[in-house]
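Understanding the architecture of this molecule
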Amino acid sequence: MASRSTRKRGSKAFWPRVRANKQTAVVNSWDPKGLQKEATFLGFPGYKVGMTSMGIIDNFSHTITKGQEISTAATVVECPAIKVMSMRLFGYDEYGNKQVVKEISVPLKDKFLDRKVDVQKKTAELPKVEELVDFAHQNEVDEIRAKIVTAPSETGIGKKKPEILELGVSGSIDEAISYVYEKLGKEVRVGDVFKAGELADTHGITIGKGFQGTTKRFGTKLTSHKSEKSRRHAGNVGAWTPSRVLTTVPMAGQHGFHERTEWNKWILKISDNVEEINNAAGFKRYGVVKNDYLLIKGSIVGPKKRLITFAKAARPNKRYPSIAPEIVYINK
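All of the points below concern the structure found in this document. (Residues numbered from 1 in each chain as written. Predicted model: local features only at pLDDT ≥ 70, side-chain atom pairs only at ≥ 80, totals over all residues. Heavy atoms only, no water.)

1. Concerning the packing of aromatic side chains
Operational definition: Here a Phe, Tyr or Trp ring, Trp counted by its six-membered ring, pairs with any other such ring whose centre lies within 6.5 Å, and the pair is stacked when the planes are under 30 degrees apart, edge-to-face when over 60, and tilted otherwise. The secondary structure listing takes helices from DSSP runs of H or I that are at least 4 residues long and strands from runs of E that are at least 2 residues long, numbered from the N terminus. Note on classification: 1.4 Å probe, protein chains only; a residue is buried when its accessible area is under 20% of the maximum for its type, exposed when over 50%, partly exposed between these limits.
Counted under the stated rule, the structure contains four aromatic pairs. Relative to tyrosine 320, the ring of phenylalanine 60 has its centre 5.3 Å away and its plane inclined at 65°; by these criteria the two rings are edge-to-face. Note that phenylalanine 60 is positioned in the loop between β1 (43-57) and β2 (69-78) and tyrosine 320 in the loop between β13 (307-312) and β14 (327-330), a separation of 260 residues in sequence. Phenylalanine 60 sits in the buried class, given a relative accessible area of 12%.

2. Here we look at unusual backbone geometry
Each neighbour pair has its own omega, and for tryptophan 15 with proline 16 the value is 0°, a cis peptide bond. Mapped onto the elements of the fold, proline 16 is located in the segment before β1. Going from threonine 241 to proline 242, the amide bond is cis rather than trans, its omega being 5°. Within the secondary structure, proline 242 sits in the loop between α3 (214-218) and β10 (253-255). A positive phi angle, close to 70°, is found at lysine 229, a residue other than glycine. Structurally, lysine 229 can be placed in the loop between α3 and β10. The residue lysine 305 is not glycine, and still its phi comes out positive at about 75°. Looking at the element boundaries, lysine 305 is found in the loop between β12 (293-297) and β13. Overall, the relative accessible area of 34% leaves lysine 305 in the partly exposed class.

3. A look at the packing of helix α1 (residues 129-138) against helix α2 (residues 173-183)
For clarity, the threshold we go by: Every axis corresponds to a line fitted to the C-alpha atoms, with the helix fit spanning only the stretch in contact, and the corresponding angles, defined between N-to-C directions, vary from 0 to 180 degrees. Roughly parallel here means an angle under 35 degrees, roughly antiparallel means over 145, roughly perpendicular means 65 to 115, and every remaining angle is called oblique. Helix crossings fall into two classes, left-handed where the near helix is turned counterclockwise from the far one by less than a right angle and right-handed where it is turned clockwise. Residue contacts follow a heavy-atom distance rule, with two residues in contact if any of their heavy atoms lie within 4.5 Å. Under the scheme applied here, ten amino acids are nonpolar (Ala, Val, Leu, Ile, Met, Phe, Trp, Tyr, Cys and Pro), four are charged (Asp, Glu, Lys and Arg), and all others, including Gly, are polar.
At a minimum axis separation of 10 Å, α1 and α2 run at an interaxial angle of 140°. On the basis of the axis angle, α1 is oblique to α2. Both α1 and α2 take part in a crossing whose hand is right-handed. Facing α1, whose interface residues are Val129, Leu132, Val133, Ala136 and His137, α2 presents Ile173, Asp174, Ile177, Ser178 and Tyr181. Here the contact of α1 with α2 is composed, by residue class, of seven nonpolar, two polar and one charged.

4. Some remarks on the side chain of threonine 214
Among the structural elements, threonine 214 can be located in helix α3. Those residues in contact with threonine 214, other than ones at most four positions away along the chain, are Gly219, Thr220, Arg232, His233, Ala234, Pro250, Met251 and Ala252.

5. Overview of the environment of arginine 88
The following threshold applies: Contacts described as polar in this section are N or O atom pairs within 3.5 Å, which, within protein, must combine one atom able to donate a hydrogen with one able to accept it, while residues neighboring in sequence count only if both atoms come from side chains.
Relative to the assigned elements, arginine 88 resides in strand β3 (residues 82-92). Remark: the alpha-carbon pair of arginine 88 and arginine 145, spanning 57 residues in sequence, is separated by 5.2 Å. Engagement of the side chain of arginine 88 in a polar contact is seen with the side chain of glutamate 103, the distance being 3.3 Å. For arginine 88, the side chain forms a polar contact with the side chain of glutamate 166, separated by 2.4 Å.

6. Considerations on α2
Here is the rule we go by: By definition, the arc is the one covered by directions from the helix axis to the C-beta atoms.
By the burial criterion, the buried members of α2 are Ile173, Ala176, Ile177, Tyr179 and Val180. Within α2, the buried residues cover an arc of 165° as seen down the axis, which keeps them to one side. On its buried face, α2 sits against β3, α1 and β5 (143-149). Downstream of α2 by one or two residues, glycine 185 has phi in the positive range, about 80°.

7. Remarks on the pattern of salt bridges
So the rule is basically this: The term salt bridge refers to a pairing of a side-chain nitrogen on Lys or Arg with a carboxyl oxygen on Asp or Glu at a separation within 4 Å.
Summed over the entire model, instances satisfying the criterion amount to 12 salt bridges. A salt bridge links lysine 147 to glutamate 103, with the shortest nitrogen-to-oxygen separation between them at 3.4 Å. Placement of the pair is lysine 147 in strand β5 and glutamate 103 in strand β4 (residues 98-105), with a sequence separation of 44 residues. Glutamate 103 gets classed as partly exposed once you look at its relative accessible area, which sits at 34%.

Printed below as a string of structure tokens:
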């Protein structure tokens with residue numbers, strides 16, 4: 001009788017397991033199903049502070065603790081205001097490749113921006129909104145994005161050089177152009193994009209672990225104590241034929257510092273009252289929160305001080321209530 005074999009270790013959904021190109025995640029698709037009808041930004045960046053615990057009144061309709069006070073873990077994310085640097089109009093070339101058809105930018109007053117890019121000094125006259133709308137229709141523009149600048153110098157993480165990101169914009173082409181045009185050169189706060197009780201997707205880079213073996217990387221079982229040379233390795237690396245090592249075989253390599261997306265993170269609270277979460281010593285390995293912040297149910301990827309990009313939920317879970325729960329207490 002054939003012996004039972006164990007399941008394969010590791011997931012091919014995350015392959016290749018290589019280091020991310022940079023510490024800022026790239027969002028490839030903003031609201032792919034077109035769920036957001038009104039013109040607004042489809043995301044917002046923030047810096048991971050740490051975790052805490054809090055008591056809430058369970059407002060789920062299908063749980064046995066409905067209406068009772070429960071304790072839950074939450075992640076604190078500091079979200080200083082961002083500045084809109086430019087507006088990008090995307091279209092397609094003759095080969096069907098997506099490209100930037102036109103970009104409208106304004107100079108920003110940021111003393112640390114020159115560390116990242118060459119600062120625009122001359123102020124060019126901006127075209128009118130009607131001219132941009134006509135240009136968009138003539139060139140078959142199908143997507144509007146905004147290029148924004150973060151403000152890490154407003155936080156206590158010790159970083160001054162800002163990040164530059166692209167954020168998607170919802171609504172029709174005419175509405176999106178008008179919306180971003182009004183925001184050019186101005187500050188946008190997290191409360192203008194997200195509301196408490198809303199679901200959001202998180203895009204970030206996980207904690208880097210370096211070069212690790214198969215047991216830590218894939219969770220393979222330790223071999224017998226009589227094994228030659230080592231116990232923390234795969235039993236074999238494949239069949240005699242084909243005469244190569246397949247990609248499904250667990251091997252040692254890079255572990256961590258991968259770009260990952262997590263769906264449907266529940267926003268429990270959005271506030272600028274930092275006294276509710278700050279203690280005298282501040283958060284360990286971060287410091288005190290100085291700006292607007294989010295409280296996210298559960299954990300999110302990445303170490304402290306790393307930038308996390310929040311996006312409108314691409315496939316929202318309907319079991320979550322649309323209203324944030326009542327908060328009883330927040331542990332400091």
